[in-house]
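What the coordinates show
Next come the chains, spelled out residue by residue.
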Amino acid sequence: MDRLDRQDTPAPRQPETDSAKDELLRKLGERVKELTALHRTARVLQRDDLPPAEIIPRILELIPPAWQYPEITVGRIRFGDFVWSTAAFETTPFLQKSQFVTRTGQRGSIEVCYLEPRPASDEGPFLSEERDLIESLAEMLRSYFQRKDAEDELRAAHDQLEHQVRQRTAQLEEANRALRDEVEDHRKARLRIEQVQRQLRKLASELSLAEARERREIATDVHDHLGQALAFIKMRVSQFRGDTVFCGFESNLDEILTLLDQTIAYTRSLTVEISPPVLYELGLESALNWLAEQFEKQHDIRIVTDTHGSGPKVSDRVAIWLFKSAKELLTNAVKHAQCDTIRLRVSNTSDTIGITVADDGIGCDPARLTSASPDSSTFGLFSIRERLQYIGGRMEVSSVPNEGTTIALFSPRTMEGD
Ligand SMILES: Nc1ncnc2c1ncn2[C@@H]1O[C@H](COP(=O)(O)OP(=O)(O)OP(=O)(O)O)[C@@H](O)[C@H]1O
Ligand SMILES: [Mg+2]
């Protein structure tokens, strides 16, 4: 463009002859041809819808008309292993060539040949403007191929990325599937565990009730058979002592009678110990009062009871069970609390009965009272909590160091099967 401006901008002076004017017009015509070729090449190279195999032949078509002697001009373009040329291309000594190298190191060239000799000019038969033109075309081709390379790289990177995304998605889906399976397995395992826990609680509850039944039967047997037999023996021995005249056996018989009295008393207390009849005969409130008295006597401790609010009757099974639990709480206070006083209270709502045992002892870490599973040596509170849970009740605990421990049991008045 500069050259055209420089050379062809009309000088202020007029051409002196017609031939000078013709020469000027001819040169102007050459520049127009060159500019046209550059302009069209640029347009063809912008066609992103066509592959290089279609683009390059179109550019080759633009070459002959751009050179001085179109009728004898042929052209060839190389890039990498590819070669494109105009029809009847052949290499002759009248050759103009420009080479280029892309950023990735790919080499290419553009060659223009005259098939016949022509008068010498700036570069063989070629004009220096044609040198500029071929260099410009080479530069345009270089940037075209470079752009194609970059696009190919971009496409490859994009494909690679898509491939990785697809792979990763597949891996994630697989991991997701595995996770879902695992979650499902866990859910089933948890359901199984819950079912087993329910069965175990039921079993423990049944066992403790069966134990109470057995104890009651044993207590009845001891009372009815052993107790009565002993009473009968005592009666006969007393008769025997009164009816018979002895020679020195009286003191032995007295000893036997004393022993019999002791055994009868022991049998009675054993009966009560095994299964306190007061629980069955007079109900939970009276049984708890009796239990408190027993503890006071046996352990020299003060027990304050407030058992008058027991409300509507609880079922026998719940009563047996709460009695047993209250005994465990009193035992714990005696065993662990080092306390002076224990308060035993019964409270009620319309459908629950509550039993609270509070001591003024040394207290303990509340975690010890609520640990989820028992260690081998502590089973009392664990079994109370599990059985309460089974029948739909709950246990509440609180403990403050040196102030004491309070444990409250809340149970429904009846349990399943009553
Ligand atoms: N009233 C209390 N005062 C202080 N600590 C207590 C009291 N009651 C329970 N504990 C603590 O809680 C622990 C758990 O009591 P739990 O009744 O379960 O077991 P245990 O009495 O030690 O043994 P087990 O009842 O099986 O014969 C006890 O070992 C004790 O440390
Ligand atoms: Mg205990």
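Because the structure is a prediction, the values reported are computed rather than measured. (Residues numbered from 1 in each chain as written. Chains lettered and ligands numbered in written order. Predicted model: local features only at pLDDT ≥ 70, side-chain atom pairs only at ≥ 80, totals over all residues.)

Overview of the site of ligand 1
Taken together, 18 residues lie near ligand 1, and Cys364, Thr378, Phe379, Gly380 and Leu381 sit nearest. Where the shell around ligand 1 is concerned, the elements lending two or more residues are α8 (316–337), α9 (366–370) and α10 (380–390). When residues of the shell around ligand 1 are assigned to their parent elements, the largest contribution, 5 residues, is made by α8. Of the residues that constitute the shell around ligand 1, the class distribution is 7 nonpolar, 8 polar and 3 charged. (Near = placed C-beta within 6 Å. Helix = DSSP H or I, 4+ residues; strand = E, 2+ residues; numbered from the N terminus. Nonpolar A, V, L, I, M, F, W, Y, C, P; charged D, E, K, R; others polar.)

Topic: the confidence of the model for the chain
Averaged over all residues, the pLDDT of the chain equals 89, while 92% of them reach at least 70. Here residues 1–7 scores under 50 on pLDDT; set against residues more than four positions off or in separate chains, the count is 4 contacts. (pLDDT = per-residue confidence, 0-100. Contact = placed C-beta atoms within 7 Å.)

Details of the nonpolar core
Of all hydrophobic cores here, the largest spans 35 residues; its most connected members are Leu288, Leu322, Phe323, Ala326 and Val357. When residues of this core are traced back to their parent elements, those giving at least two are α7 (284–299), α8, β6 (341–348), β7 (352–359), α10 and β9 (404–412). Ranked by residue count, the leading element in this core is α8, at 11 residues. The contacts of alanine 326, once residues within four sequence positions are left out, are Leu288, Leu291, Leu344, Ile355 and Val357. One finds Phe100, Val112, Tyr114 and Leu133 within the second-largest nonpolar core, a separate group that totals 23 residues. (Core = buried A, V, L, I, M, F, W, Y, C linked by C-beta atoms within 7 Å. Buried ≥ 20, exposed ≤ 12 C-beta atoms within 10 Å, placed from the backbone.)

What to know about the sheet that holds β7
An order of β5-β6-β7-β9-β8 is seen for the 5 strands of this open sheet, with the pairing classed as mixed. Unpaired on one side and paired on the other, β5 (302–306) and β8 (394–400) mark the two borders of the sheet. Pairwise comparison of adjacent strand axes, ignoring direction, gives a mean angle of 10 degrees for this sheet. Taken together, the 5 bridges between β5 and β6 define a ladder with parallel strand orientation. Of the residues in β6, the one forming a bridge with aspartate 306 is arginine 345. Sheet strands touched by α7: β5 and β6. Its angle to β5, the strand with the most contacts, is close to 170 degrees. Lying on the sheet, α10 is in contact with β8 and β9; it crosses β8 at an angle near 145 degrees. (Pairing = 2+ DSSP bridges. Axes fitted to C-alpha atoms, helices over the stretch in contact; angles between N-to-C directions.)

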